[in-house]
Amino acid sequence: MLEVRVVGRRIEAEDVLSFELRRADGAALPPYAAGAHIDVHLPDKLVRQYSLCGPHAKPDTYLIGALKEPNSRGGSKALHERVQVGDTLVISEPRNKFPLDVHARRSLLFAGGIGITPILAMADELARDGRDFALHYCTRSRARMAFVERIASSPWAAKASLHFADGAPEQRLDATRVLGAPADDVHVYVCGPAGFMNHVLGTGRTLGWQEARLHREYFVAEPVDHTSDRPFEIQLRRSGRTVFVPADKSAATALANAGVDIPLSCEQGVCGTCLTRVLEGIPDHRDFYLTEEEHQRNESFTPCCSRSLTPHLLVDL
């Protein structure tokens, strides 16, 4: 863990703030590659993930952006209302589950809303390395489009197209036209609200794009219908204990109530913090962290949101 001081706080768009973080002891921050994120420990023991969107070659500071969600579970509200310049925070070192493919000839970048944060770092890295790309940034309105000044002043500004849902029809994103026919050496990167991402990825699949060339990172999971949830049991390999998970409780909640310590953060299956190895049984995967191939292998699950298709799961706890 690293202790950092907030050295910058700026309004980037309607309901979007950026925070510039510098290591409290003055030492250098760990470098990172585009697509990386950090865990930020907030007031009231909240932990949330934020993508790093600043320059990443020998960074003196980290830059994150945060949207104040109307239905915030506390994280974005805490950042917006309680964190000021001069405050100290504890963060993790960068982790990356959304890296660029170094072998791609061309990259197509799609950002929806606050999903622009990792995409910005990708555009910077691709431009720095002289690699071909195009960026498509979509928001509901220009007032909600963050980092527009940075994009306009960047050396890759001509590669960026801005799309507004309330704008003229001809400037709105045409995902079918932008994606076009799939190519083995072109990769697609998408980040933003689930509906936006599902539209872009679904269009790509319809056009024949292979999953290996479609990369995504979710910030917020879609609502889940719990009406058909069933109870199940989790057996802990290391102690032999069995924990009953009621239909109206998550596996993580049941484990916590039984005194089993599970690290949690997003509690929506987005961040992977609670990822747990499965030894027997078939999970009911409801996360957005694991890939489809990882879901099919059934080697792990996210107890914060996923359940079980079998009456019993044996896990490595």
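So, here is what we can say about the structure in this document. (Residues numbered from 1 in each chain as written. Predicted model: local features only at pLDDT ≥ 70, side-chain atom pairs only at ≥ 80, totals over all residues. Heavy atoms only, no water.)

Regarding the overall build of the protein chain
Counting its secondary structure elements, the protein chain contains 7 helices and 18 strands. For a compact globule of 317 residues, the expected C-alpha radius of gyration is about 20 Å, and the protein chain comes in at 20 Å, within 12% of that figure. Each principal axis of the C-alpha distribution contributes one length, and for the protein chain these read about 60 × 50 × 35 Å. Pairs at least 24 residues apart make up 68% of the contacts formed inside the protein chain by residues separated by at least 6 positions. A total accessible area of about 15200 Å² is found for the protein chain, and carbon and sulfur atoms account for 49% of it. (Helix = DSSP H or I, 4+ residues; strand = E, 2+ residues; numbered from the N terminus. Rg over C-alpha atoms; globule rule 2.2 N^0.38 Å. Contact = heavy atoms within 4.5 Å. Areas by Shrake-Rupley, 256 points an atom, 1.4 Å probe, with all protein chains shown as cover.)

As for the nonpolar core
Within the largest apolar cluster, 30 residues are counted, with the highest numbers of intra-cluster contacts made by Leu109, Ile116, Ile119, Met122, Leu135, Tyr137 and Trp156. Taken together, the elements giving at least two residues each to this core come down to strand S5 (61-67), strand S7 (106-112), helix H2 (116-128), strand S8 (132-139), strand S9 (160-164) and strand S10 (186-192). Look past the residues within four positions of Trp156 in its chain and what remains in contact with it is Leu120, Ala123, Asp124, Ala127, Phe133, Leu135 and Ile151. If you look at the next biggest cluster of nonpolar residues, it comprises 23 residues, including Leu2, Val4, Ile38 and Tyr62. (Core = buried A, V, L, I, M, F, W, Y, C linked by side-chain atoms within 4.5 Å. Buried < 20%, exposed > 50% of the residue type's maximum accessible area, 1.4 Å probe, protein only.)

Examining unusual backbone geometry
At Phe147, a residue that is not glycine, the phi angle is positive and equals roughly 65°. If you trace the backbone, Phe147 turns up in the loop between S8 and helix H3 (148-153). For Phe147, a relative accessible area of 3% translates into the label buried. Although it is not a glycine, Asn298 sits at a positive phi angle of roughly 55°. Relative to the assigned elements, Asn298 resides in the loop between helix H7 (292-297) and strand S16 (300-301).

Topic: the environment of Glu294
Residue placement: Glu294 occurs in helix H7. Contacts of Glu294, omitting those with residues within four sequence positions, involve Lys97 and Glu299.

Here we look at H2
For the α-helix, the turn length of 3.6 residues means that residues three or four positions removed from each other point alike. The end-to-end C-alpha distance of H2, which contains 13 residues, comes to 18 Å, matching closely the 18 Å that a straight helix rising 1.5 Å per residue would cover. With respect to burial, H2 is a largely interior element, 10 of its 13 residues being buried. Within the sequence span of H2, burial applies to Ile116, Thr117, Pro118, Ile119, Leu120, Ala121, Met122, Ala123, Glu125 and Leu126. Count one or two residues on from H2 and you reach Gly130, which has phi positive near 70°. (Expected span 1.5 Å × (residues − 1).)

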